[in-house]
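Coordinates in review
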Amino acid sequence: GNKGQDSVQMSEHVVPDSNAIAERLLLFYLHLKPSKMKVVPLLLKKFEGDYHGLNEELQRKYSMDLNTPLGQMMNCSEGNGEDEGGLRSSLPVGALLREHLAIEDGGSGGSARPLEPPRKVLSRGTSAPPMQESPEKVMDPWQDEMQHLLKFFYLQLNPSKVYDVPRVLKAYSHDAAGLNASLRKAYGIDLSASRQDIVKEKLEREHKAEEVESIARVASTKAKEAKLHAQRLAREETKRNADAVAAQAAEVHRATASEKLNKTQEPNGAAGVSNKDTDAEAVPAAASSSNDSSKDAATETDSKLQGEDVARRIAEIKGRIHRFYIAWNILDRGILDVGALAAAHVHSLDVLNARLRDKYHGTDLTWTPERIGQLVESLEGARIPLPHASPMRTVPMRTASPSPRQDEAHERAQEAVEELVTALATFYNAWQIAKDEDDVKTLARDYVHKQHLLAAKLQAEFYGTDMSWPRTPLAARIEHVRRDEEGRQASLLLRKKSHELAKALQLATTKMKAFYAAWGFPRNAQEFASLASQYVAAPADFDAALRSKYHGTDSSWQVDDIAAMAETIRQREDADKLQGLLHKLVPFYTFWEAKLSSDEVLQVARDSLNDQPSLFRSLRLSYFGTDCNWSMQDLMSQKQRIEARSEEAAKQAEAAKRDAQQLEETVDKFREFYSAWEVVRGDVDLRSFAVAYLRDPAAFNLKLRTRYHATDLTTHISEIVCLKIEIETKEAQQAATCK
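Remember, it's a predicted structure, so these values are computed and weren't measured experimentally.

1. Quick notes on the overall build of the chain
- Secondary structure summary: the chain contains 29 helices and two strands in total.
- Here the chain, with 739 residues, has 33% of them falling under the buried criterion.
- Here the contacts in the chain between residues at least 6 apart in sequence split such that 66% fall between residues at least 24 apart.
- Accessible surface for the chain amounts to roughly 45200 Å². Of this, 53% is attributable to carbon and sulfur atoms.

2. Observations concerning the side chain of Thr509
- The residue Thr509 is located in helix α20 (residues 471-519) in this model.
- Within the structure, the side chain of Thr509 is placed 2.7 Å from the backbone oxygen of Leu505, a separation counted as a polar contact.
- Each residue touching Thr509, except ones within four places of it in the same chain, is listed here: Phe528 and Ala532.

3. A short note on the pattern of salt bridges
- Per the stated rule, a full pass over the model turns up 24 salt bridges.
- A salt bridge links Arg483 to Glu479; its shortest N-O distance comes to 3.6 Å. Placement of the pair is Arg483 and Glu479 together in helix α20, with a separation of four residues, close to one helical turn.
- Accessibility expressed as a relative area gives 45% for Arg483, which makes it partly exposed.

4. Concerning a nonpolar patch on the surface
- Taken together, Ile717, Val721 and Ile725 make up a surface patch of nonpolar side chains, about 220 Å² in accessible area.
- For Ile725, the location among the structural elements is in helix α29 (residues 717-738).

5. A look at a negative patch on the surface
- Among the surface-exposed residues, Asp407, Glu411, Glu415, Glu418 and Glu419 lie close enough to one another that they form a single negatively charged patch.
- Looking at where Glu411 falls in the secondary structure, it is placed in helix α17 (residues 404-430).

6. Description of the packing of aromatic side chains
- Applying the stated criterion across every chain, the model contains 40 aromatic pairs.
- Ring centres of Phe28 and Tyr62 lie 5.6 Å apart, and the angle between their planes is 70°; this geometry places the pair in the edge-to-face category. With Phe28 in helix α1 (residues 18-32) and Tyr62 in helix α3 (residues 51-62), this pair connects stretches of sequence that are 34 residues apart.
- Ring geometry for Tyr674 and Phe689: centres 6.0 Å apart, planes at 45°, overall tilted. Here Tyr674 is found in helix α26 (residues 632-676), whereas its partner Phe689 is found in helix α27 (residues 683-695), with 15 residues between them in sequence.
- The ring of Trp367 is capped by Arg371, whose NZ or CZ atom sits 4.0 Å from the centre of that ring.

7. Regarding the nonpolar core
- Counting 39 residues, the largest nonpolar core has Phe153 and Tyr154 as the members making the most contacts within it.
- The set of elements that each furnish at least two residues to this core consists of α1, α2 (40-46), α3, α7 (141-157), α8 (165-171), α9 (176-187) and α10 (195-269).
- The residues touching Phe153, leaving out its near neighbours within four places in the chain, are Asn158, Leu183, Tyr187, Ile189, Asp190, Leu191 and Ile198.
- Ile321, Phe324, Leu352 and Val376 belong to the second largest nonpolar core, which has 22 residues in total.

8. Some words on the packing of helix α23 (residues 559-591) against helix α25 (residues 612-622)
- In contact at an axis separation of 13 Å, α23 and α25 are set at 5° when each is read in the N-to-C sense. The angle between α23 and α25 places the two elements in the roughly parallel class. Contact residues: α23 offers Lys577, Leu581, Leu585, Phe588 and Tyr589, while α25 offers Gln612, Leu615 and Leu619.
- Of the residues belonging to the contact of α23 with α25, the class tally is six nonpolar, one polar and one charged.

9. Topic: the confidence of the model for the chain
- Confidence along the chain averages 76 in pLDDT terms, with 76% of residues attaining 70 or more.
- Taken as a whole, residues 266-305 scores under 50 in pLDDT and shows 65 contacts with residues more than four places along the chain or in a different chain.

10. Observations concerning the environment of Tyr163
- Among the secondary structure elements, Tyr163 is positioned in the loop between α7 and α8.
- For Tyr163, a relative accessible area of 29% puts it in the partly exposed group.
- Measuring from C-alpha to C-alpha, the distance between Tyr163 and Lys151 comes to 8.4 Å, with 12 residues separating the pair along the chain.
- When residues no more than four places from it in sequence are discounted, the contact partners of Tyr163 are Met37, Lys38 and Pro41.

11. Some remarks on unusual backbone geometry
- The phi angle at His174 is positive, at roughly 55°, despite the residue not being glycine.
- Position of His174 among the secondary structure elements: in the loop between α8 and α9.

12. Notes on the environment of Tyr674
- Judged by its relative accessible area of 4%, Tyr674 falls in the buried class.
- For the pair Tyr674 and Leu686, spaced 12 residues apart in sequence, the C-alpha to C-alpha distance is 9.5 Å.
- Apart from residues no more than four positions distant in its own chain, Tyr674 is found in contact with Val679, Arg681, Leu686, Phe689, Leu704 and Tyr708.

So, how was this worked out
- Residues numbered from 1 in each chain as written.
- Predicted model: local features only at pLDDT ≥ 70, side-chain atom pairs only at ≥ 80, totals over all residues.
- Heavy atoms only, no water.
- Helix = DSSP H or I, 4+ residues; strand = E, 2+ residues; numbered from the N terminus.
- Buried < 20%, exposed > 50% of the residue type's maximum accessible area, 1.4 Å probe, protein only.
- Contact = heavy atoms within 4.5 Å.
- Areas by Shrake-Rupley, 256 points an atom, 1.4 Å probe, with all protein chains shown as cover.
- Polar contact = N/O pair within 3.5 Å; in protein donor to acceptor, adjacent residues only side chain to side chain.
- Salt bridge = Lys/Arg side-chain N within 4 Å of Asp/Glu carboxyl O.
- Patch = residues over 30% accessible without salt bridge, like charges linked within 9 Å, V, L, I, M, F, W, Y side chains within 5 Å.
- Lys, Arg positive; Asp, Glu negative; His and termini not counted.
- Charge placed at Lys NZ, Arg CZ, Asp CG, Glu CD.
- Phe/Tyr/Trp six-rings, centres within 6.5 Å; stacked < 30°, edge-to-face > 60°.
- Lys NZ or Arg CZ within 6 Å of the ring centre and 35° of its normal.
- Core = buried A, V, L, I, M, F, W, Y, C linked by side-chain atoms within 4.5 Å.
- Axes fitted to C-alpha atoms, helices over the stretch in contact; angles between N-to-C directions.
- Parallel < 35°, antiparallel > 145°, perpendicular 65-115°, else oblique.
- Nonpolar A, V, L, I, M, F, W, Y, C, P; charged D, E, K, R; others polar.
- pLDDT = per-residue confidence, 0-100.

Structure follows, in structure tokens:
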């Protein structure tokens, strides 16, 4: 039959999930140090997310870790010096290991009941001595049974409560109904359920927990989205209110500016001067009356100074004024006499700066275009109206043809637009982006005087680059971005594959747990992880291997069908084992002439079916070191040896009996001898003399004759009495003669 063994090679780089680590750590202390199980929650909290650190700590303390095989842990568990029975009854770890946690070692997987010794077994016509009961302490049968069931129950549904089993059993002592009612109230299932049902309940709880966690994540995401939406609505409302206030302020500002402009332009209308901005008022009356008068004023000023120095100074101021207006997005300054404005303030630049600060929010020619651009952006963001040129007022002109300065400004603007179009086309081509030519020209016209804004916009979109980058650095940057994007895509693909693999491993682990639970073969978390990896790598091959080992069943079978087949196979295997054991026991008991009926022999076989080693030990104790595995020839030889030893022992007993009788007779002789001579001797001395006499009678008699007037044990008592009287008479006569 199938023994349920799988050769599993675990990979150390596989990190189990938190539940598997908790279950494995609990088993670790159950095997090695049950008294330290209370530290499990502390260790899990201390080493959360550090699986390898936890293993290193366990290796340092116990020379083992969570990857150590369970069999090796059992061999090193507390109290492993006891025999099998003592370990079962006194150590919860050993019982739990054999009942629920250990990997199957080829047995039927069921719990073994204690074997009762054979009753009234006769040997050689006499009653065999009764078997001695084990001196170890026997646990309360109810607690012993419930302890195993409750530990398995908690291990599946609430591992943190395993070390509370003794306390729970004490609280519900011999009250199985109350205990089951409490468990049903807390877990919806009790100890009357089968192990398959308990494991199924565990899987359902894990599935429900995953669903609850998924629902909680969705709810959290929706709550965050609702919060962001509310914040966005609040910002939009605030922005609308600010826009309304800014619009009111702009309307007031426009009304005030229009009124000022009307007042200032009335005197200048007769002079025929077309001013677009109040800055033109900064030019003296002689310079603002007409272009000719401006040239005359500039010529007079140049004549007072060094001609070339003044020209350079005017050109510098003119460029600064031109950049100032471009930064403020005032693009129609080309038709104004910027040169006249620069010439008029060549010696009074402070006056011009003061007037510019009054109109342009505190800025003047000392500000850089970048700083002015940042101020313009902040003002636009706050919806504050920007300074603008005053509207053109139609006045009688002396000529309808455009001035040369207007043509020059227009040409410069066109050149700037063309340069920007070329730069943008080169930039987009480098990034391999197809742009319509009209769109590029429109973009260039819109940003020709706001190129810093266009550059910022491009930098935000194209990884920090803009149209001002040289060709070689731009190409290097594009290549770097391309490599980064390829790496990012590869990382995303790898993350997607990892997620799919993790999902497949989770499904495979669920399948493996259900399959092995249906067969009744427990596995630990690491073994399930390895089996799931093998299944994901080659599902067809793995199912084929399962079918070859598990009677044609694989992961596609329903759990109920597997459980039914497993039960049928176990019953058939148990029947085969029972028949084989009976074929051994019947001849054995017949040979030793044991007075056991057929029903009694059958009961012994059933009781010992799952614990045959205990049966063999009891048989050897009762039947002269033999058991039912011995052949008839070996049993006959053993019986002959026993009979030969018995005959030899009988002869030795007969000889010892004769020696003891002879010793007693000799002791009696010595007692009579010394009594005849009226000498007092104790029993110990008499027995010692008897032993010495029997060892060498002649030598001992010689000593007696020397001391007792030539008498010894061979002398008759009457002769000794007569001799003693004669000696006493002579001594009396000698005494009388002496007197």
